Protein chains: 2
Amino acid sequence: MSVQQAVIFAAGDGERMRDYTARPKVLLPMGGRTMLKRHLTALSALGLREFVLVVGYRSGEVERFVRERGLDRRYRLHIERNPEWELGNARSLWAARHLLAERFMVVMGDHVYNHTALQGLLDWPGDFVGVFDSRPRFEQSDEATRAWVENGRVVRLGKDLEEFNALDAGIFVCSRRVLGVLKQCLAEGQDEWNAVKCAWIRQVPLWVFDLDGAFWADLDTPTDVNAAAQALVQQLPKPRDGIVARLLNRRISIPLSQRLTRTALTPDHITLLSFLLAVGGALAFALGTWGGAVVGGLLAQASSILDGCDGEVARLRASGSARGAWTDSLLDRWADALILAGMAYGFATAHTASWVWGLAFLALAGAYSISYSESRYKSAFGQALPYEGGLPAKRDVRLFLALLGGLLNAVPLALALIAVLSFAEVFRRLWRYGVRSPLRG
Amino acid sequence: MSVQQAVIFAAGDGERMRDYTARPKVLLPMGGRTMLKRHLTALSALGLREFVLVVGYRSGEVERFVRERGLDRRYRLHIERNPEWELGNARSLWAARHLLAERFMVVMGDHVYNHTALQGLLDWPGDFVGVFDSRPRFEQSDEATRAWVENGRVVRLGKDLEEFNALDAGIFVCSRRVLGVLKQCLAEGQDEWNAVKCAWIRQVPLWVFDLDGAFWADLDTPTDVNAAAQALVQQLPKPRDGIVARLLNRRISIPLSQRLTRTALTPDHITLLSFLLAVGGALAFALGTWGGAVVGGLLAQASSILDGCDGEVARLRASGSARGAWTDSLLDRWADALILAGMAYGFATAHTASWVWGLAFLALAGAYSISYSESRYKSAFGQALPYEGGLPAKRDVRLFLALLGGLLNAVPLALALIAVLSFAEVFRRLWRYGVRSPLRG
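Residues numbered from 1 in each chain as written. Chains lettered and ligands numbered in written order. Predicted model: local features only at pLDDT ≥ 70, side-chain atom pairs only at ≥ 80, totals over all residues. Heavy atoms only, no water.

*Asks:* Teacher, can you tell me more about the overall build of chain A here?
*Replies:* Counting secondary structure elements, chain A contains 14 helices and 13 strands. Across its three principal axes, chain A shows a C-alpha extent of roughly 85 × 55 × 35 Å. Taking all 441 residues of chain A together, the buried fraction comes to 61%. Sequence separation of at least 24 residues holds for 76% of the intrachain contacts in chain A that already meet a minimum separation of 6. Considering chain A, the positive charge centre built from 51 side chains and the negative charge centre built from 44 side chains are found 6 Å apart. (Helix = DSSP H or I, 4+ residues; strand = E, 2+ residues; numbered from the N terminus. Buried < 20%, exposed > 50% of the residue type's maximum accessible area, 1.4 Å probe, protein only. Contact = heavy atoms within 4.5 Å. Lys, Arg positive; Asp, Glu negative; His and termini not counted. Charge placed at Lys NZ, Arg CZ, Asp CG, Glu CD.)

*Asks:* Would you mind going over the packing of aromatic side chains with me for this structure?
*Replies:* To describe a pair of aromatic rings, one takes the distance between the centres and the angle between the planes. The final tally for this structure, using the stated rule, is 31 aromatic pairs over all chains. Taking 5.3 Å as the distance between ring centres and 85° as the angle between the ring planes, the aromatic pair formed by tyrosine 377 of chain A and tryptophan 326 of chain B counts as edge-to-face. Here tryptophan 326 of chain B lies in helix α11 (residues 322-350) and tyrosine 377 of chain A lies in helix α12 (residues 355-381), a pairing that spans two chains. With respect to class, tyrosine 377 of chain A is no different from tryptophan 326 of chain B; both count as buried. Pairing tryptophan 124 of chain B with phenylalanine 209 of chain B gives two aromatic rings, centres 5.0 Å apart and planes at 65°, and the pair type is edge-to-face. (Phe/Tyr/Trp six-rings, centres within 6.5 Å; stacked < 30°, edge-to-face > 60°.)

*Asks:* What exactly am I supposed to notice about the relation of the copies chain A and chain B here?
*Replies:* Note: a rotation about an axis with an accompanying shift along it relates these two copies of the chain. When chain A is brought onto chain B, the operation consists of a screw motion whose angular component is 180° and whose axial shift is 0.0 Å, with 0.0 Å RMSD remaining. On the angle and the small slide along the axis, the relation comes out as a two-fold axis. Using C-alpha coordinates, one finds that chain A approaches the rotation axis most closely at serine 379 of chain A, a distance of 2.4 Å. (Least-squares fit on C-alpha atoms with pLDDT ≥ 70 in both.)

*Asks:* Hey, could you run me through the interface of chain A and chain B in this one?
*Replies:* Size of an interface, as often reported, equals the accessible area lost when the parts are brought together. Taken together, the 63 residues of chain A in the interface contact 63 residues of chain B. A combined buried area of about 5,700 Å² lies between chain A and chain B, and 71% of that area is made up of carbon and sulfur atoms. Summed over the shared surface of chain A and chain B, the number is four salt bridges. The closest approach of N and O atoms between aspartate 127 of chain B and arginine 153 of chain A, which form a salt bridge, is 2.6 Å. For the pair chain A and chain B, the interface holds 17 residue pairs in polar contact (both at pLDDT 80 or more). Broken down by secondary-structure element, the contributors of at least two residues to the side of chain A that touches chain B are α11 (322-350), α12 and α14 (411-435) of chain A. Partitioning the side of chain A that touches chain B into residue classes produces 31 nonpolar, 18 polar and 14 charged. (Buried area = accessible area lost by both parts, 1.4 Å probe. Salt bridge = Lys/Arg side-chain N within 4 Å of Asp/Glu carboxyl O. Polar contact = N/O pair within 3.5 Å; in protein donor to acceptor, adjacent residues only side chain to side chain. Nonpolar A, V, L, I, M, F, W, Y, C, P; charged D, E, K, R; others polar.)

*Asks:* I'm lost on the state of the cysteines in this one. Help?
*Replies:* By definition, a disulfide links two cysteine residues through a covalent bond between their sulfur atoms. Residue and element names in this part refer to chain A. On inspection of all chains with the given rule, the structure shows zero disulfides over all chains. Free of any disulfide, cysteine 174 has its nearest neighbouring cysteine sulfur in cysteine 185, separated by 12 Å. Here cysteine 198 stays free of any disulfide, with the sulfur of cysteine 185 as its closest cysteine sulfur at 8.7 Å. (Disulfide = S-S within 2.5 Å.)

*Asks:* Would you take a moment to explain the pattern of salt bridges for this structure?
*Replies:* Two side chains that carry opposite charge are able to pair once their charged atoms sit near each other. Residue and element names in this part refer to chain A. Under the counting rule described, the total for this entry stands at 54 salt bridges over all chains. For arginine 16, the salt bridge is made with glutamate 143, and the minimal N-O distance between the two is 2.8 Å. Of this pair, arginine 16 sits in the loop between β1 (5-10) and β2 (29-30) while glutamate 143 is found in the loop between β8 (128-133) and β9 (146-150), placing the two residues 127 residues apart along the sequence. Judged by relative accessible area, which is 28%, glutamate 143 ranks as partly exposed.

*Asks:* Hey, could you run me through helix α7 (residues 222-234) of chain A in this one?
*Replies:* Every α-helix winds through 3.6 residues per turn, so residues three or four apart in the chain are directed the same way. Residue and element names in this part refer to chain A. Compared with the 18 Å implied by 1.5 Å per residue over 13 residues, the 18 Å span of α7 between its first and last C-alpha is a close match. All of the buried residues in α7 are Asp224, Val225, Ala228, Ala231, Leu232 and Val233. Check the buried side of α7 and you find it contacts β2, α1 (35-46), β7 (111-113), β13 (216-218), α8 (243-260) and α10 (290-317). (Expected span 1.5 Å × (residues − 1).)

*Asks:* Before we go on, may I ask you to explain the nonpolar core in this structure?
*Replies:* General note: in soluble globular proteins, nonpolar side chains tend to be found buried as a group. The biggest cluster of nonpolar side chains holds 97 residues, and the ones touching the most others in it are Met343 and Leu415 of chain A together with Met343 of chain B. Take this core: its biggest share by element is 14 residues, from α12 of chain A. Here methionine 343 of chain B is in contact with Phe285, Ala402, Val411, Ala414 and Leu415 of chain B, once residues within four sequence places are set aside. Grouped together as the second largest cluster of nonpolar side chains are 84 residues, Leu46, Leu48 and Ile171 of chain A together with Val173 of chain B included. (Core = buried A, V, L, I, M, F, W, Y, C linked by side-chain atoms within 4.5 Å.)

*Asks:* I would appreciate a short explanation of the environment of leucine 28 of chain A in the present structure.
*Replies:* Residues and elements named next belong to chain A. By the secondary structure assignment, leucine 28 is in the loop between β1 and β2. Taking the relative accessible area as the measure of exposure, leucine 28 reaches 2% and is therefore buried. Considering only alpha carbons, one finds leucine 28 and leucine 219, 191 residues apart in sequence, at a separation of 9.7 Å. Once residues lying within four places of it in the same chain are set aside, the contact partners of leucine 28 are Met17, Tyr20, Thr21, Arg33, Thr34, Met35 and Val225.

*Asks:* Mind showing me how you'd approach the environment of alanine 353 of chain A here?
*Replies:* Mapped onto the elements of the fold, alanine 353 of chain A is located in the loop between α11 and α12. Not counting the four nearest positions on each side in its chain, alanine 353 of chain A is found in contact with Phe347 and Ala348 of chain A.

*Asks:* I would appreciate a short explanation of empty space enclosed by the protein in the present structure.
*Replies:* Within the structure shown, the criterion is met by seven cavities of 30 Å³ or more. There is about 110 Å³ of room inside the largest cavity. Around the largest cavity, the lining comprises 13 residues; the ones closest to its centre are Val204 and Trp207 of chain A together with Val204, Pro205 and Trp207 of chain B. (1 Å grid on protein atoms, 1.4 Å probe; cavity = no way out; pocket = protein on both sides within 12 Å on 5 of 7 lines; lining within 4 Å. Points joined across faces, edges and corners; volume = space filled by probe spheres on them.)

Dropping the structure here:
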């Protein structure tokens, strides 16, 4: 029942882009790859398994690009020509009608979006569901299609609406029933996709999937392209970033990631590199000398910075996947354990102070409990642990404490701080969301 | 947009139950509490905030029950009388029409179900969504309403369908638009809720939320009541249970839980008791004597058994919550850490063998990685880590190894086994679902 097929509208000539480039918009670069490649990786990660690319303006150029890179075989991509693309974009869906499954997704080829915000959409029922944004933060409302939404359905829609409470993000899930209304519209000389939506909502509900402020942008002008490229970078820091991530790590990792997107390195490679740096850090700490601890701390901090890059590169390239995020998280926990073990081993051996293992044990239990309380919350509640300050005990802070411990030759103190901060924060979470939760009952 | 209100149909006289009891079915006991209380706790845990209970047959009895227990205030429960209950159950919805929100849930009062299987339903769009079961395992198809489902929507529906691929589980989400069709049906003398569904699907899709084999049952006869009570117990073991849980723990915890449902103990109390047993086990291990290790192992195993009871009692009573599951999991991780620390401390002190801390550190990292890899998978993929054997390294096995380590006075061996099994299993998971995953890309 989950939707498997996506139709990408890529037939338009991007008129207002002409001063900038004559290339079809789907071949424009964004975040280190073409718009087309972005769509294919992002939608594949979301679970789509078959693509129909409807081309028109300079179709030969797009077709050549697809064939040369083997995208048609790699992504089960069919190319369909819309000979009447100049009439309006609804003609693109009409041109593809013989290829369509019972339910399919429709995506505007010149829209950039963060596919992770679309999780769940493919499982929704309905003959016509549209992705809208009730809190647009990145897209300007003077160009976008506006909508008035009530009780989860679109009541009015148009570019010129005076009153509106959502913008149309250009992504839809439709059943073949929409084709009936489409046919009617075309017969009446209405060739725009917006006209089909308007005709539909006069008869049947168009349901709203709300992006609620997640990143998306529509590329109509050269200014839009620059703004989208900037917004893509601006949304890399996460609202839940710890203080060290915000003030130090992101300032290094983001420029680095922008460079890395232009290399052949994948996020998986970066995950592995970051892990290897942590292994190096653990070995250096294990030497038990001050010099070793300094090198260990520096390597741990370098690993922490690089640990931001895998996710950043994935988001810039729209290639992020659940698999990648899961693998990265597991290796992060092993890296945490290795560094703590290195610190304990080095100090215990050099100072014949085996009690430091007790500290490392506590630090490990605390550190793991921080991560576990977050992932277990999401898995139980289906949403992230609420963010509201709390104590600084996330990974960025813990590895920074390891750095300080190394630089100041104060490994036991660093371990103790990691343990205390982590346990205090997990206690706070348990009290706030476990014992005192308003959801009790 | 998420649905907040549920209407519970409780007006019928349960004709075929008469030999057994004359009480309205919603007052029947099931899993240690009345059906009504089950609905209220289960639906509240799901996110519903307001209830309309439609009564008819012996309505005074139900009303008295509600008022005496203060359920009306505690759950924002309105009671509505359906004076025409004998005509058919669609009259119940009609009687409640002045109380209904824009979208609301409809629940058959005599249906038992596992509310955790309904997660996501309240966020679905649609004017009419029904909960169906395409793989009924508990309910008999000769009594239930049958349906033929295609492309996620009901095509045909009725008790006498010869060909069917799903059963109607008696739970719906409707918008007020359904009231229009309901009115039409009543005007035509069709007073059954099934008739409303049939009239609806002739015009508009009735979308299907599939239970896919999750537990539910319909109580029409005394036999049904007994079968449901048995099925409620049969579904307590989880398919992911480890070998010790299956062969030992569940055989003790399930009979114990059945007794506990009749006490005033809440699942939270049981969670706490299980944690305290683990603390006791850790302290006994920390003594460093063989006797201490024996007691420690026995307490750890007792804690492991009791750890099954909180979830079992919650499921029997339909009072399970994400909050409870999360709290329990966090305390389990702390109990794990405490027991491993107790084992290490006791042995290291008694034998001046500080190297055992290294083993405990590894065992802790392995144990936490097992739990973390599962919760992080669910939080990333939105579904559980696939179950397909793997090595025995879950909590039931780890605490059983602690017991053996205590009984045989072989604490270091137990720690080593826990570490090796856990890491081998996490490696397998990482390889299978991280590195070799078909979802790569």
